[in-house]
Amino acid sequence: MCRLAGAGIKGSMNSFFLAIVRRLHLLALFLSTVPAAAQLPAGLHQVARLVPAEGPRGGLVPYRQGSRWGYADCTGRIRVAPWWPVDPGFLVGGLHQLASPVATDSFMVINGLGDCLRVGKGQALLVDSMGALVSVANWLPDAPLVYKLPERYWRSEDDLDRWCFSSSPSNRYIRRGYGHYGFEHGLGRFVASRRLPDDSTSSGYYRYALTDYRGRRLTKLIYNELGDFSDRRALVVRNGRLGYLDPQGREVIPPCYHPYYEVFNEAYSTFHHGLARVWDDSLRYGLIDTTGKVVLPLRHWPALYDADEAGYCLLRRPTPAGDTVCQYLGLGGRAAFGGRTFTRAEPFWHGRAWVWRGQKVGLLNARGRLVVPYRYDDLYFAHVRFGIEQTHTPARQHAPDRCFFEASNEHPVHHIDTLCLQAIRGGKVGFVDFKTGRELVRPRYDYVFFSFRAGLACVGRGEQLFIINRRGRELCEGRPYDAFNNGGEGRDWQWGLGRHTYLLLSQNHVPNTLVADTAWLVLDRRGRQVLGPQPMSRLPLFVTGAGRVAIRTATGYGLLAPGGARGASPALPAAGAIRPVGSGLRTRRFHHEPAELV
Amino acid sequence: MYDERGQLLRVLPGVRHIGLFGVSQLLYLTQQLPDHTWRTLLVTQTGQVQITLLGCHNVNELANTVALRQRRHLLRVLPEMDPYTNDDLPGSPPGGYLSTRGRRFWRD
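Residues numbered from 1 in each chain as written. Chains lettered and ligands numbered in written order. Predicted model: local features only at pLDDT ≥ 70, side-chain atom pairs only at ≥ 80, totals over all residues. Heavy atoms only, no water.

Novice: Teacher, can you tell me more about the sheet that holds strand β5 (residues 78-84) of chain A here?
Specialist: Two strands in a sheet stick together by hydrogen bonds in their backbones, pointing the same way (parallel) or opposite ways (antiparallel). Spatial strand order, β5(A)-β4(A)-β3(A)-β8(B): four strands in an open sheet with mixed pairing. Single-partner strands in this sheet number two, and they are β5 of chain A together with β8 (106-107) of chain B. By the bridge criterion, five bridges tie strand β3 (residues 61-65) of chain A to strand β4 (residues 68-72) of chain A in an arrangement that is antiparallel. The residue bridging Val61(A) from the neighbouring strand is Ala72(A), located in β4(A). (Pairing = 2+ DSSP bridges. Helix = DSSP H or I, 4+ residues; strand = E, 2+ residues; numbered from the N terminus.)

Novice: Which parts of the structure should I look at to understand the sheet that holds strand β2 (residues 26-32) of chain B?
Specialist: All names here are of chain B. Pairing in this open sheet of four strands is antiparallel, and the strands run β1-β2-β3-β4 from one edge to the other. Two strands bound the open sheet, and with one partner strand each, they are β1 (15-21) and β4 (49-54). Looking at each pair of strands side by side, their axes are set apart by 15° on average, direction ignored. When strand β3 (residues 38-43) meets β4, the two strands line up antiparallel, connected through five bridges. Across the sheet, the residue bridging to Leu41 is Thr52, located in β4. (Axes fitted to C-alpha atoms, helices over the stretch in contact; angles between N-to-C directions.)

Novice: I would appreciate a short explanation of unusual backbone geometry in the present structure.
Specialist: Most of the time, phi is negative for any residue but glycine, and the peptide bond is trans. Residue and element names in this part refer to chain A. Positive phi is not limited to glycine here, since His273 has a value of about 55°. Positive phi outside glycine occurs at Leu283, with the angle close to 60°. Here Leu283 shows up in the loop between β19 (275-279) and β20 (285-289).

Novice: What is the right way to read the pairing of strand β7 (residues 107-110) of chain A from this model?
Specialist: For a regular strand, side chains alternate in direction, first toward one face of the sheet and then toward the other. Residues and elements named next belong to chain A. Here β7 shows two buried faces, one formed by Phe107 and Val109 and the other by Met108 and Ile110. Bridge count for strand β6 (residues 96-99) against β7 is four bridges, and the pairing is antiparallel. Bridge assignment links Ala99 to a residue of β7, and that residue is Phe107. Bridge count between β7 and strand β8 (residues 115-119): four bridges; the pairing is antiparallel. Of the residues in β8, the one forming a bridge with Val109 is Leu117. In sequence, β7 turns back onto β8 through a hairpin of four residues, with Gly114 there showing a positive phi of about 90°. (Buried < 20%, exposed > 50% of the residue type's maximum accessible area, 1.4 Å probe, protein only.)

Such coordinate-based values are descriptive only and should not be taken to indicate function.
Now the structure itself:
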């Protein structure tokens, strides 16, 4: 009995101690988790895999309490308790990268739901195949601490430059930082590199290997160059020879070609639409497909381009007559469009290609039909510049990578309408619709002052300027309000406000001089006069809604409404060269009259 | 400030800065009052004063990287500035964000 009781007591003591040990264990576990949790503010939860999310309706707004910043929703409710000492900024694309205020060697990425992914020392941030962010161990000891957030989640606020990119899916640009990492969307394959210690004798300063995103190495660290994946093939250079890897790291096209791009600083020979250009040792070049089969024999072709966005390789080849012609090669390197040849041609851009027959240019669509016949001497988009005097000279800006919009804080970017092409015939300029090929404006003007934007353009004939719409109707004679004659303050002449567009035109301008205009007026987009001629003593600053204009006078600022100008307009200059034809809305055609008669 | 008929609506003397926010369509003014204090006004297109801030603040739109639905309703208020040199005044609170309805996203 005693033994039993003793056993019972012993058992209960054991269970008691066990319970205490368990609780202590739990307490220890709890204590071990508390510091990690305490390092995050209320409202942030740590996750292992971060999915981009916009969060509450209206998004997260940085909220400041005293000297600390957190996030609130748009109703003012605090979502993330104030924690950061500086303004953390807004989320872009449902993600935001932030520095941790407590640990300087790590950073964090949050989404709109308050999920937080911490990337600490020795870790790198990567995108998995589903588009979520994961932090993985940084597998190279000499690699940088963290990898940057993919470029689509951050954009520089200061950099206002915009480039026209071709929308080709094969143009996926893969950013490889300072010779260390690259990433490939979708495949989960990464390029790892290792800097060789003082190995300046080898052909490359870095050696590369292919790994998956968990860091498992798929190839040996033997490649001098490792390019990005395109059409499931990645370019490699080993022992001065160029070949291609598949996503499993096998050399499906063994290194046997000349690394032309490396020697001549050319673009990478990546695959586009299943075709890649390769060079042999005597620098003859041709096309191979992804299996390595040569589909265009290697020769000294006069010109051969990579496959464009429509999938055609443009080839310039010699003719028996000693001339050269252009030809498009389609799928598998076969001649496209029934072997049709052109005097000159350019790669496709947005579904159209510039082709020449003799001296005349037309536009070809991707099915080989000529949407703009060979009628024009030239076809181009205007280059947007701010020196107005320079826009008179035609700039050939129709290639995608040459279409550059320059902007700064003083000069906001003005995107021209890329559906309207300027067409030159017989020394006169008109407009052609880029998609349909229809002639919008017959070539009858001497130059284009401002190309089409928001459906309106300014063109010139002799000394006279006209505002025209996309139907070619001349709304008025008018000179855009010229920033250069007004202290260079960068005013725009078109003000798009909601559904309305207002035109700020200057008046009594003396051509080819820097003499200030003496008056200005505001029209709407149908050419009707909204605000009558005003003297330059009321300097226009900008146009706001309903055609009101903020002005600056000698005494101060003011807001001028349309009706205000009519009654009490001060001594106006005599009616000048500009005569808005808004009163004659029904006039279909504008009758040009000499300025002296007005 | 004039109305559509040309009638003088209100006189806004002492305006030092003026600007138009394209996305939120608000007019930004800083104004010196007769007692030499400053205030910052955000005026709608109809001429109504939507928001008044005490002091001479620099108010900006959000950067164009931010989603448009946030840019329409939010403005960045920077610390109070010297109206003549446009430098930040030392000791002024660090500003914050302001909705166009007047909700301020800060608490001092």
